[in-house]
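Summary of the model geometry
The lines below spell out each chain.
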Amino acid sequence: QQQVKQSPQSLIVQKGGIPIINCAYENTAFDYFPWYQQFPGKGPALLIAIRPDVSEKKEGRFTISFNKSAKQFSLHIMDSQPGDSATYFCAASMRSSNTGKLIFGQGTTLQVKP
Amino acid sequence: NAGVTQTPKFRILKIGQSMTLQCTQDMNHNYMYWYRQDPGMGLKLIYYSVGAGITDKGEVPNGYNVSRSTTEDFPLRLELAAPSQTSVYFCASSYGGQVYQPQHFGDGTRLSIL
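A few points on the structure. Small disclaimer: the values here were computed from a predicted structure and weren't measured. Each chain has its residues counted from 1, following the order in which its sequence is written. Chains and ligands are labelled sequentially in the order written, the chains with letters from A and the ligands with numbers from 1. In view of the model being predicted, local features appear only for residues whose pLDDT reaches at least 70, and side-chain atom pairs are presented and counted only at 80 or more, with totals across whole chains, interfaces and linings using the full set of residues. As a rule here, side-chain values come from all non-hydrogen atoms in the structure, and water together with hydrogens is ignored.

**Some words on the overall build of chain A**
Along chain A, the regular secondary structure elements total zero helices and eleven strands. Labels follow the DSSP assignment, with helices taken as runs of H or I lasting at least four residues and strands as runs of E lasting at least two, numbered in each case from the N terminus. Start at the N end of chain A and walk to the C end: the helices and strands fall as β-β-β-β-β-β-β-β-β-β-β. Values of the radius of gyration come from C-alpha atoms, whereas the globule rule sets the reference at 2.2 Å times the count of residues to the power 0.38. The C-alpha radius of gyration of chain A comes to 14 Å, within 12% of the 13 Å expected for a compact globule of 114 residues. Seen through its principal axes, chain A has C-alpha atoms that stretch 45 × 30 × 20 Å. Each of the 114 residues in chain A was classed as buried or not, and the buried ones make up 46%. In this description, contact between two residues means that some pair of their heavy atoms is separated by no more than 4.5 Å. Considering only contacts within chain A whose residues lie at least 6 apart along the sequence, 55% involve residues at least 24 apart. The cut-offs for exposure are 20% and 50% of the maximum accessible area for each residue type, with area from a 1.4 Å probe on protein chains only; residues under the lower value are buried, those over the upper are exposed, and the others partly exposed.

Given below as structure tokens:
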């Protein structure tokens, strides 16, 4: 119930491609879904986040699509660049916990080839 | 701005030894977290704190202890180190329990236990 399942584990695309990373959850009490980006040797950093009252959120080349009925959400990276090569984590949280705790997916390592 | 600072960056321990991983933040954040990151497993919450003097267990607390005597510092103690504790440890902080506040991560401590 507390798990967030992320796929694929790794992904290789050519520059300009549109990688898509998928996440699924079971606990309907989750009400905040952030994506974190992590470069080698660094800690994760917030990339973009969505609440379940919207179906899509876009920030620059990054878009989250959210399907509340299917309990799934995904990250799309438009016109991907080699600088986007990183590990991406989806996560979920419950405002009602009042702790800010995040449940992370397993992570996806993305490589964008020049 | 230093943000979240973790020391040491790397450490090798022998089985049975003990050590303390240091974490300090200069953003006056109330909430702090310790995660471990293992390949293909995402980030797992070890302990968290919602304020000075208040700590609670996360998903994988066994073999670890924490304390929070000040707002700035949140050290993680490993007692009787075991090979299963070989991992990358991340400390994070956030402004408060409001779920939409992002967590800010340090750059991690890479720990090997031999």
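Having seen it, we continue.
**Section: the interface of chain A and chain B**
Chain A puts 23 residues into the contact, and the matching count from chain B is 22 residues. Here the buried area means the combined drop in accessible surface, using a 1.4 Å probe, for two parts upon being joined, counting both sides. For the pair chain A and chain B, the two sides together bury roughly 2000 Å², of which 56% comes from carbon and sulfur. For the purposes of these results, a polar contact is taken to be a pair of N or O atoms within 3.5 Å, where, inside protein, one atom must be able to donate a hydrogen and its partner to accept one; residues adjacent in sequence count only when each atom of the pair is a side-chain atom. Our count for the chain A to chain B interface comes out at seven residue pairs in polar contact (both at pLDDT 80 or more). Taken together, the residues of the side of chain A that touches chain B break down into eight nonpolar, ten polar and five charged. Under the convention adopted here, Pro, Cys and the residues Ala, Val, Leu, Ile, Met, Phe, Trp and Tyr are nonpolar, Asp, Glu, Lys and Arg are charged, and Gly plus all remaining residues are polar.

**Examining the nonpolar core**
Note on terminology: a nonpolar core comprises buried Ala, Val, Leu, Ile, Met, Phe, Trp, Tyr and Cys residues joined through side-chain atoms within 4.5 Å. The biggest cluster of nonpolar side chains holds 26 residues, and the ones touching the most others in it are Phe-30, Phe-33, Trp-35, Phe-73, Leu-75 and Tyr-88 of chain A. If one sorts the elements of this core by residue count, strand E9 (residues 86-92) of chain A sits on top with four residues. Not counting the four nearest positions on each side in its chain, Phe-33 of chain A is found in contact with Tyr-25, Ile-48, Ala-49, Ile-50, Pro-52, Ile-64, Phe-66, Phe-73, Ala-91 and Ala-92 of chain A. Within the second largest apolar cluster, 19 residues are counted, among which are Met-19, Val-66, Ala-81 and Tyr-89 of chain B.

**Concerning the pairing of strand E6 (residues 56-59) of chain A**
In the case of a regular strand, side chains alternate between the two sheet surfaces. Paired strands are those between which DSSP finds at least two bridges. As paired elements, E6 of chain A and strand E7 (residues 62-67) of chain A share four bridges and run antiparallel to each other. Looking at the pairing, Lys-57 of chain A lines up with Ile-64 of chain A of E7 of chain A.

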